[in-house]
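Descriptive analysis of the structure
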Amino acid sequence: MSEKAVLTFRDKKIELPVLVGTDGEVAIDITKLRDQTGMITFDPGLGNTGACSSSITYIDGDKGILRYRGIPIEQFTNHPNFVEVAWLLIFGRLPKRDELKAFSEQLTENELLHEGLKHQFQHLPVDAPPMAILSATLSNLACYHQGFLALEDTEALTAAAARLISKVRTIAAFSYRRSRGWPIIYPDPKMRYCANFLHMMFSIPFQQYIVTPEVEDALNLIFILHADHEQNCSTSTVRTVGSAKANLFASCAAGVSALWGPLHGGANVEVIQMLERIHAGGLSPESCIEAAKDKANPFRLSGFGHRVYKNYDPRAKILHECCDRVFSSLNRQDPLLDIARKLEELALQDSYFIDRKLYPNVDFYSGILLRAMGLPTNMFTVCFAIGRLPGWIAQWKEQHDDPSTRITRPRQVYTGNDAIDYVPMEQR
Ligand code: CMC
């Protein structure tokens, strides 16, 4: 007989089914709790709530383990390219050579934007935040690709995914060009995914940007490391929107909006701003650590701490090593990297951070790398979004393919007024 959990409340005992995940993680199934008892569970921030079962990404936050479809993240540092990882996440296994070739060709075919969509950039303020542009333009893809609003089969899903994964780079680069007042550079069908993005960002008419292998590899690694992270804030948003049967474009656009927040993907911007402030002399690493510990001060050490990792984020470890590699191969130094290392050293010796198990997360070193590649700060979270898009698509697909999916609709504990009468304006 399968195991049950027993909940005792007042004079009642309720048996609840138990689910066990691949690695032995246990979840008490409360889906029938309200029907049986009239009670709900209370979990603001959903830190203890499994909102779905998923076979895409596995995290053991205590041990600092991250796996995509079972493959440890460390194994992605040398081998695959981002497109291969995207396919793996979406379709559940590593692609065969011809499958990867076909998908790459679909990306190339779809790298341009409809001229109508392109003109929209000209009507935006020059200083429009690229994350706002990205969210709006992904949403607007629905206007130009209406054949992909209902995805009935794998072929249609693949075609929609290819459009999103390919066009997101073009949209991102066009938004950057707009912010600089520079002419748009079209994608080059001969280039690989990351090199093509760098080309659209940095080439100028009649002068092609030379993509160095170190920079291309580092960007490929950044995209791979961001590609999925199970039920984080933006992915939960994508799933929530998708649970209402909203289309893939609308769902991913909502994911971008969630990612923009400084507690989520926006943290990579906050980290660099913090390091720059320290470098400019406005703050010392020691005072920064003290400010982060001070409960009267809303300041947090950006790039530190994680809802799930209570150990070193494996992505941060890989990116830290990548920083060392890239800076030495480019024969460059960055004082911000030294400051980041100093902050990490101070934090990891401090009982405040030790007791709360606060370690560097993925955002702590990614900005330093992106900055070394010449990307401006307001494009950092956009790069996170480009990386995360395959994960959002994979999660949306998994939910879409699951016939047991129900619309996401949490309950609440109401604490407002009891029933009172409406008071006409003249009597208030
Ligand atoms: N600096 C100082 N104190 C912190 C920090 C930090 N960065 N992070 C958590 N704490 C403290 C927090 O004040 C609390 O202390 P106490 O128990 O005394 O009240 C304790 O640690 C637990 O924090 P929490 O806010 O309950 O943790 P959470 O799981 O709700 O939040 C987090 C996770 C990532 C939002 C948070 O650690 C944070 O704000 N970090 C800084 C922003 C950041 O780097 N975000 C990127 C996250 S990783 C990539 C991504 O998701 O995009």
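The preceding data block contains the structure.
Because the structure is predicted, anything quoted here is derived from the model rather than measured. (Residues numbered from 1 in each chain as written. Predicted model: local features only at pLDDT ≥ 70, side-chain atom pairs only at ≥ 80, totals over all residues. Heavy atoms only, no water.)

1. What about the layout of surface pockets?
What counts is decided by this rule: Every definition here rests on a 1 Å grid over the protein atoms only: cavities are sets of points where a 1.4 Å probe fits but cannot get out, pockets are open sets enclosed by protein on both sides within 12 Å along at least five of seven lines, and lining residues have some atom within 4 Å of a point. Grid points are joined across faces, edges and corners, and a volume is the space filled by probe spheres set on the points. Going along the chain from the N terminus, every DSSP run of H or I of four or more residues is numbered as a helix, and every run of E of two or more is numbered as a strand. Three categories are distinguished: nonpolar for Ala, Val, Leu, Ile, Met, Phe, Trp, Tyr, Cys and Pro, charged for Asp, Glu, Lys and Arg, and polar for the others, with Gly belonging to the last.
Each pocket or cavity is described by its volume, and for the second largest pocket that value is around 600 Å³. In this structure, the second largest pocket is lined by 32 residues; those nearest its centre are Asn81, Arg192, Glu216, Asp217 and Asn220. At the level of elements, α2 (82-91), α3 (97-109), α7 (193-202), α8 (213-225) and α13 (314-329) are the ones that each hand at least two residues to the lining of the second largest pocket. In terms of residue count, α8 provides more of the lining of the second largest pocket than any other element does, seven residues in total. Class assignment for the residues of the lining of the second largest pocket results in 15 nonpolar, nine polar and eight charged.

2. Some details on the site of the ligand
Here is the rule we go by: In this text, near means that some heavy atom of the residue lies within 4 Å of the molecule or strand in question.
The environment of the ligand is made up of 21 residues, and the closest members are His264, Arg300, Leu301, Gly303 and Arg307. Across the shell around the ligand, the residue classes tally to nine nonpolar, seven polar and five charged.

3. Some details on helix α10 (residues 248-259)
Operational definition: By this rule the span expected of a helix is its residue count minus one, scaled by 1.5 Å. Relative accessibility thresholds used throughout: buried, under 20% of the residue-type maximum; exposed, over 50%; partly exposed, between the two (1.4 Å probe, protein chains only). Contacts between residues were defined by any pair of non-hydrogen atoms, one from each residue, lying within 4.5 Å. By the criterion applied in these results, polar contacts are pairs of N or O atoms within 3.5 Å in which, for protein atoms, one can donate a hydrogen and the other can accept it, and in which residues neighboring in sequence qualify only through two side-chain atoms.
For α10, which comprises 12 residues, the first-to-last C-alpha distance of 16 Å matches the rise-based estimate of 16 Å (1.5 Å per residue) to within 8%. Burial analysis of α10 places 10 of its 12 residues in the buried class, which makes it a mostly covered element. Restricting attention to buried positions, one finds in α10 the residues Leu248, Phe249, Ser251, Cys252, Ala253, Ala254, Gly255, Val256, Ala258 and Leu259. Each element contacted by the buried residues of α10 is listed here: α5 (130-144), α6 (154-180), α9 (233-243) and α17 (380-401). With a side-chain oxygen lying 3.0 Å from the backbone nitrogen of Phe249, the N-terminal cap of α10 falls on Asn247.

4. Notes on the sheet that holds strand β6 (residues 71-72)
We apply this condition: At least two DSSP bridges between two strands are needed for those strands to be called paired.
On the basis of which strands lie adjacent, the open sheet formed by three strands has the order β4-β5-β6 and antiparallel pairing. Two strands close off the open sheet at either side, each with one partner strand: β4 (57-60) and β6. Here strand β5 (residues 65-68) runs beside β6; their pairing, made up of two bridges, is antiparallel. Opposite Arg67, over in β6, you have Pro72 as the bridge partner.

5. Observations regarding α6
To be explicit about the condition: For a residue, the bend is simply the angle between two axes, fitted respectively to the seven-residue segment ending there and the seven-residue segment starting there.
Given a rise of 1.5 Å per residue, 27 residues ought to cover 39 Å, and the 39 Å separating the end C-alpha atoms of α6 matches this to within 8%. At Lys167, α6 shows its maximal kink, close to 30°. Taken across its 27 residues, α6 has 22 buried, putting it largely inside the fold. One or two steps after α6, the chain reaches Gly181, where phi turns positive at roughly 75°.

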